[in-house]
Amino acid sequence: MTADFEAQLRGVSLRVTRPRLAVLAALRDHPHVDTETVIALVRAELPSVSHQAVYDVLRALTDAGLVRRIQPAGANARYETRVGDNHHHVVCRSCGAIADVDCTVGHAPCLTASDDHGFMIDEAEVVFWGTCPDCAAETTPNDPRARKASR
């Protein structure tokens, strides 16, 4: 898999570095994680890497299109390596878990705006909100979260 990451980096004219490879591996194995989690995962492999180095790598990989940055309302930015397919996300209101949702209808951008105002639309971002199965299993009929979710 490292060879794939190296080819991806070279394909977008980025130098192959250990921090870049470590960030890509962390995001491949742990999609939808925040920056602090990425830092912890990278430091497990490269203990001396700085916070700033990871921030710089995330920015470079995002700018190059190898990583996607998502930020659901009220949440920290999260990162993933699934790019270029205009997929969407479902977010748990209780614990913040995020999962991918494939394009809902047709081809990208998946949705047609009722009025594009002259824009050439190439992407639609949809976030589905709800309660994940783990959180739903934890609620009881007397739990306010259960009443809120059933509305």
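Residues numbered from 1 in each chain as written. Predicted model: local features only at pLDDT ≥ 70, side-chain atom pairs only at ≥ 80, totals over all residues. Heavy atoms only, no water.

## Considering the confidence of the model for the protein chain
Residues of the protein chain with pLDDT of at least 70 account for 86%, and the chain-wide mean is 87. Across residues 145–151, confidence stays below pLDDT 50; counting only partners more than four residues off in sequence or on other chains, it has eight contacts. (pLDDT = per-residue confidence, 0-100. Contact = heavy atoms within 4.5 Å.)

## So, the side chain of Arg-68
Along the chain, Arg-68 turns up in strand 2 (residues 68–70). A distance of 3.1 Å separates a polar side-chain atom of Arg-68 from the backbone oxygen of His-87. Apart from residues lying up to four places away in sequence, Arg-68 is in contact with Arg-78, Tyr-79, Glu-80, Arg-82, Val-83, His-87, His-89 and Glu-123. (Helix = DSSP H or I, 4+ residues; strand = E, 2+ residues; numbered from the N terminus. Polar contact = N/O pair within 3.5 Å; in protein donor to acceptor, adjacent residues only side chain to side chain.)

## So, the nonpolar core
Val-23, Leu-27, Val-38, Val-42, Val-54 and Leu-61 are the most contacted members of the largest nonpolar core, which has 23 residues in total. Where this core is concerned, the elements lending two or more residues are helix 1 (2–11), helix 2 (18–29), helix 3 (35–45) and helix 4 (51–63). When neighbours within four sequence positions are excluded, Leu-61 is seen to be in contact with Leu-9, Leu-14, Arg-20, Val-23, Leu-24, Leu-66 and Val-67. (Core = buried A, V, L, I, M, F, W, Y, C linked by side-chain atoms within 4.5 Å. Buried < 20%, exposed > 50% of the residue type's maximum accessible area, 1.4 Å probe, protein only.)

## Considerations on the packing of helix 2 against helix 4
Contact pair helix 2 / helix 4: the axes reach a minimum separation of 10 Å and the direction vectors enclose 75°. One element, helix 2, and the other, helix 4, form an angle in the roughly perpendicular class. Counting all contacts with helix 2, which are made through Pro-19, Arg-20, Val-23, Leu-24 and Leu-27, the residues of helix 4 involved are Val-54, Val-57, Leu-58, Ala-60 and Leu-61. Grouping the amino acids of the contact of helix 2 with helix 4 by side-chain chemistry returns nine nonpolar, no polar and one charged. (Axes fitted to C-alpha atoms, helices over the stretch in contact; angles between N-to-C directions. Parallel < 35°, antiparallel > 145°, perpendicular 65-115°, else oblique. Nonpolar A, V, L, I, M, F, W, Y, C, P; charged D, E, K, R; others polar.)

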